[in-house]
Amino acid sequence: MYSAIQRNVHRIHYDQAFAPSEEHPDVIVQGPLHGAFMVQLMTDCIGDEGFLKRISYSNRGRGVPGDILTCKGKVTKKYVQGDEHLVDCEIWIEDSKGQNTTPGWATVALPTREK
């Protein structure tokens, strides 16, 4: 369905008989869907008061039907720049085998905590 929404008509995303002819084990998850999952990871973590400033990722593996893709992340830096309180994060997606298929990073701005 995501392939149709993105208007990507490449058959590797929806035609199970065709995908092996392109050396895929099955139809594959579109790369932009991995990115959408990572954006959701970050926006869920920062909540309504946070702001996703930057995000970047690189598709290095593929997801196929039945595979469980798990988004993970960790904080790598907290700092103040101007009047913004920023947090840099390393983010990634792991497949069912625990392999990092989609490494990335993000920067978010968070509200300050009142003392």
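All of the points below concern the structure found in this document. Everything numeric in this text was worked out from a predicted model, so none of it was measured.

1. Section: the nonpolar core
Membership of the largest hydrophobic core is limited to 10 residues, which are Met-38, Leu-41, Met-42, Ile-46, Val-87, Cys-89, Ile-91, Ile-93, Ala-106 and Val-108. For this core, the secondary-structure elements that each account for two or more residues are helix H2 (31-46), strand S3 (84-94) and strand S4 (100-110). Excluding its chain neighbours within four sequence positions, the residues that come into contact with Ala-106 are Met-42, Leu-52, Arg-54, Ile-55, Val-87, Asp-88, Cys-89 and Ile-91.

2. Topic: the pairing of S4
In the sheet, strand S1 (residues 51-57) pairs with S4 via six bridges, with the strands oriented antiparallel. Bridge pairing links Leu-52 to Val-108 in S4. Where S3 lies against S4, 10 bridges are found, and the strand directions are antiparallel. Looking across to S4, one finds that Asp-88 is bridged to Thr-107. What sits between S3 and S4 in their antiparallel hairpin is a turn of five residues, with Gly-98 showing a positive phi close to 85 degrees.

3. Details of the sheet that holds strand S2 (residues 70-81)
Picture the strands of a sheet paired through backbone hydrogen bonds; they go either parallel or antiparallel. If you trace the four strands from one edge of the open sheet to the other, you get S1-S4-S3-S2, paired in antiparallel fashion. Both edges of this open sheet fall to S1 and S2, since each of them pairs with a single strand only. The sheet shows a mean angle of 20 degrees between the axes of neighbouring strands, direction not considered.

4. A closer look at H2
Relative to the 22 Å expected for 16 residues at 1.5 Å per residue, H2 spans 23 Å between its end C-alpha atoms, a close match to the ideal helical length. Burial in H2 covers these residues: Gly-31, Leu-33, His-34, Gly-35, Met-38, Leu-41, Met-42 and Ile-46. Count one or two residues on from H2 and you reach Gly-47, which has phi positive near 75 degrees.

5. What about the pairing of S3?
Among the 11 residues in S3, eight count as buried, and that is most of the element. Alignment of S2 against S3, held across 11 bridges, turns out to be antiparallel. By the bridge assignment, Tyr-79 is partnered in S3 with Leu-86. In textbook terms, the turn of a hairpin is the stretch between consecutive antiparallel strands, and for S2 and S3 this stretch comprises two residues, one of which, Gly-82, has a positive phi near 65 degrees.

Rules behind the numbers
Residues numbered from 1 in each chain as written. Predicted model: local features only at pLDDT ≥ 70, side-chain atom pairs only at ≥ 80, totals over all residues. Heavy atoms only, no water. Core = buried A, V, L, I, M, F, W, Y, C linked by side-chain atoms within 4.5 Å. Buried < 20%, exposed > 50% of the residue type's maximum accessible area, 1.4 Å probe, protein only. Helix = DSSP H or I, 4+ residues; strand = E, 2+ residues; numbered from the N terminus. Contact = heavy atoms within 4.5 Å. Pairing = 2+ DSSP bridges. Axes fitted to C-alpha atoms, helices over the stretch in contact; angles between N-to-C directions. Expected span 1.5 Å × (residues − 1).

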